[in-house]
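# Descriptive analysis of the structure
For reference, the chains in residue letters:
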Amino acid sequence: MNEALRRALLQAHLTDRQLAERCGVDIKTVGRWITETGRVPHARHRWAVCEALGEDEAVLWPTAARKAIKVGPDREVVSVYPYRSGCPASLWRSLITKAERELTFAGYTNYFLWLEQARFGTALQRKATHGCRVRFLLGSPDSDLTRSRERDEDVALTLSTRIRVTLAELEKIRRQPGIDARFSDGHAHLSVFRFDDDMIVTPLLTHSVGHDAPTLHLRRHQDDGMFDRFASHVEELWGRANPVWESSGNG
């Protein structure tokens, strides 16, 4: 019995049939993946399952993952997506759900999170209640840099509008201890989202919006590796940033 796969299905609230449909296989095949110890699907099916469940291959099929294990500096790179929009919403939800110590959202607007994650504010409050530090690093809606980037993007839903949506949502939960927000312009072309020892990084390309940015899923495995470099970048920006709420008292 593949207990890890069975638990992941339950946590994702998917049935065997629903997973089979998403992977393009027969329901009996999914049944064999679960019940037959040591049975490992083809790589394309493993990847489809991981995307559907928001879980890592190393958790569901550790033997297969070990065969392809990375040993160099790139071992911190879990997945690569040509576009942020190609990174499954279920992965974001899984990373948010599993985080216990830190959630840092250093995107210039963070607008998409409120659209793609159901009851996102409630989830953040729950995390903060249990001692998880929750931080948002935002661009200022009224800055010259924001106006300059709006001209570059040239889209109807402007950067300043997207930032103000996030600010309005954060206003609803700002009284919860452990939730803080600051303004910075140092991450205008690089978004970093941290979930304990996991991280999603999106470097913005010229004249592109966030969902078109190439995206990396990183996991910390070493000192001064890629994860730590991006984490240090965010910490430096946070230390120089201006509070969104002058009398916040959080953070």
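A short tour of the structure in this document, coming up. Here the structure is a predicted model, which is why all the values come from computation and not from measurement.

What counts as what
- Residues numbered from 1 in each chain as written.
- Predicted model: local features only at pLDDT ≥ 70, side-chain atom pairs only at ≥ 80, totals over all residues.
- Heavy atoms only, no water.
- Helix = DSSP H or I, 4+ residues; strand = E, 2+ residues; numbered from the N terminus.
- Buried < 20%, exposed > 50% of the residue type's maximum accessible area, 1.4 Å probe, protein only.
- Contact = heavy atoms within 4.5 Å.
- Polar contact = N/O pair within 3.5 Å; in protein donor to acceptor, adjacent residues only side chain to side chain.
- Arc of directions from axis to C-beta.
- Core = buried A, V, L, I, M, F, W, Y, C linked by side-chain atoms within 4.5 Å.
- Salt bridge = Lys/Arg side-chain N within 4 Å of Asp/Glu carboxyl O.

### Quick notes on the environment of E102
With respect to the secondary-structure elements, E102 resides in strand β2 (residues 102–106). Relative accessible area serves as the criterion here: at 9%, E102 is assigned to the buried category. Each C-alpha atom of the pair E102 and T206 lies 30 Å from the other, and the pair is 104 residues apart in sequence. Setting aside anything within four residues of it in sequence, one finds E102 in contact with C132, R133, R135, R194, F195, D196 and E235. Engagement of the side chain of E102 in a polar contact is seen with the side chain of R133, the distance being 3.1 Å.

### Quick look at helix α9 (residues 120–129)
Three or more residues of α9 are buried, namely F120, G121, A123, L124, K127 and A128. Seen from one end, α9 has its buried residues packed into an arc of 160°, which puts them on one side. Tucked inside the fold, the buried residues of α9 contact α7 (89–98), β2, α8 (111–116), β3 (133–138) and β4 (179–183). One or two positions beyond α9, positive phi appears at G131, with a value near 95°.

### Some points on the nonpolar core
Grouped together as the largest cluster of nonpolar side chains are 33 residues, with contacts concentrated most on L103, F105, L124, F136 and F195. Elements with a minimum of two residues in this core: α7, β2, α8, α9, β3, α11 (159–171), β4 and β5 (190–195). Excluding its chain neighbours within four sequence positions, the residues that come into contact with F136 are F105, N110, W114, F120, L124, T166, L170, D180, A181, R182 and W238. Of all hydrophobic cores here, the second largest spans 19 residues; its members include A4, L9, L14 and C23.

### Observations regarding the pattern of salt bridges
Evaluated as defined, the whole model comprises 21 salt bridges. With a shortest N-O distance of 3.3 Å, K172 and E169 are connected by a salt bridge. Assessed through its relative accessible area of 61%, K172 is described here as exposed. R174 is paired through a salt bridge with E171; the nearest N and O atoms lie 3.4 Å apart. Judged by relative accessible area, R174 falls into the buried class, the value being 12%. On the basis of relative accessibility, which here comes to 40%, the residue E171 falls in the partly exposed class. Here the salt bridges share partners, and the residues they tie into one network are E102, R133, R135 and E235.

This is a description of form; function is not addressed.
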